[in-house]
Amino acid sequence: MRVGLVADPHAPTEVARHLADLHADDEGSWDVDVVSEPFTTGSEDVRTAVERLEDRRRDEGWDLVVGLTELPLHDEEGGHLLVDTDTARRVAVVSLPALGGVRRHARARRAVGSVVRSMTDEDSPDDGRVSVAGARGRARVLTGMVLANRPWLLVPGLKSALVAALATGAVATVNSTVWVLADSLSWWRLVVASVVSVGLVVGWLVVDAELWDRPDDDTAAARHRSRLYNASTLATLLVGVLICYLVLYLINLLWALFVLDPSVVGSTAGSSYGYGDLAVLAWFVASAATVGGGLGSGLESDEAVRAAAYSKREEERRNRLEPDADDDDR
């Protein structure tokens, strides 16, 4: 039996290629073809995706086809759709974000294998849907979207800002005024400084790179979709900036341990100083350098940040909805 796996570009295609060795156990053999194409472009309607996949199945001569997308899809009750199966058309759509953020390849293998088997079962109903609902379901979808966005890709996009923050931190670490100030701060002030510095960078990225999504229309579905996209963007940026912050802190700490003598710092600050206090100093410097260096530097490129803040699939959808943006780039 010939099975087609049609996957949106990038992350869904990577998942689909890991499924190319799907087998039917004792039920016969499956010949799996993987095709990468944006079959959900310009539409988030499941029925439209099913029709496009059915046309692709006929063109390729497949016995059945499964589409993999990283768009969050919804059912009529407002829940998040994991699988939509049309057995009569021999088509199914799997929404990868609903699989969650952990063990995605294993979960995708189980989901696709189950879908294919259900469509080959003569006693299976013509249509079938699997949804994830409630707060746990929403959290699972959001986690899946953040993973698809790959927040670690934000670090290259902030390379210039990170270098500027490192330079600022290196100078601040050997400043005696900073020693005194860091020694005077209570732990809760240090926590507030960290939260504010990270929050400022996240807000700056949203504004500077124009990452905030607005509803396409005034419908409840459009507003819900925008809220979901914005939540995933903020979560992605938060994770990415926290990675940068941690890197900045560790480098500042190593620098402080290398160049500073705790006894000298203590005599200047007017208090006893140990290596633990150097860790606190590096903490304070990381927060100050994040604001002073990070916000004072430009982005390495808007595209690098957009690639981290949006899945590639969503970025392509936006480019097609805003053709003028491409004209401006040219």
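Residues numbered from 1 in each chain as written. Predicted model: local features only at pLDDT ≥ 70, side-chain atom pairs only at ≥ 80, totals over all residues. Heavy atoms only, no water.

## Examining the pairing of strand E3 (residues 64-69)
A large share of E3 lies buried, amounting to six of its six residues. Residues Leu64, Val66 and Leu68 of E3 are buried on one face, and the alternating residues Val65, Gly67 and Thr69, pointing to the opposite face, are buried as well. Summarising the sheet, strand E1 (residues 2-7) and E3 pair through five bridges and their orientation is parallel. Within E3, the residue paired with Leu5 across the bridge is Val66. (Buried < 20%, exposed > 50% of the residue type's maximum accessible area, 1.4 Å probe, protein only. Helix = DSSP H or I, 4+ residues; strand = E, 2+ residues; numbered from the N terminus. Pairing = 2+ DSSP bridges.)

## Considering helix H2 (residues 46-60)
Here H2 is 15 residues long and its end C-alpha atoms lie 21 Å apart, about the 21 Å a rise of 1.5 Å per residue gives. All buried positions along H2 are accounted for by Val46, Ala49, Val50, Leu53, Glu54, Arg56 and Arg57. Down the axis of H2, the buried set is contained in an arc of 165 degrees. They therefore lie on one face. Structural note: H2 exposes Arg58 and Asp59 on the side pointing more than 90 degrees away from its buried face. Where H2 terminates, the next one or two residues include Gly61, which has phi positive at roughly 75 degrees. (Expected span 1.5 Å × (residues − 1). Arc of directions from axis to C-beta.)

## Concerning unusual backbone geometry
Although it is not a glycine, Arg90 adopts a positive phi angle of roughly 60 degrees. By the element assignment, Arg90 lies in the loop between strand E5 (80-86) and strand E6 (91-95).

## A few points about the nonpolar core
Counting residues in each nonpolar core, the largest one holds 44 residues, and the members touching the most others are Leu19, Val66, Leu68 and Val112. No other element matches helix H3 (residues 104-120), which puts six residues into this core. Once you skip the residues sitting within four places of it in the chain, Val112 turns out to touch Leu5, Leu19, Leu22, Val66, Leu68 and Val94. Of all hydrophobic cores here, the second largest spans 20 residues; its members include Ala165, Val201, Val241 and Val305. (Core = buried A, V, L, I, M, F, W, Y, C linked by side-chain atoms within 4.5 Å. Contact = heavy atoms within 4.5 Å.)

## Considerations on the UniProt feature "transmembrane region" (unreviewed entry) in the protein chain
Listed under "transmembrane region" (unreviewed entry) in the UniProt record, and renumbered for this structure, are residues 160-181, 187-207, 228-258 and 278-296. Its end C-alpha atoms 27 Å apart, residues 160-181 is made of 91% helix and 0% strand. (UniProt positions renumbered as here; feature names shortened; annotations may be inferred.)

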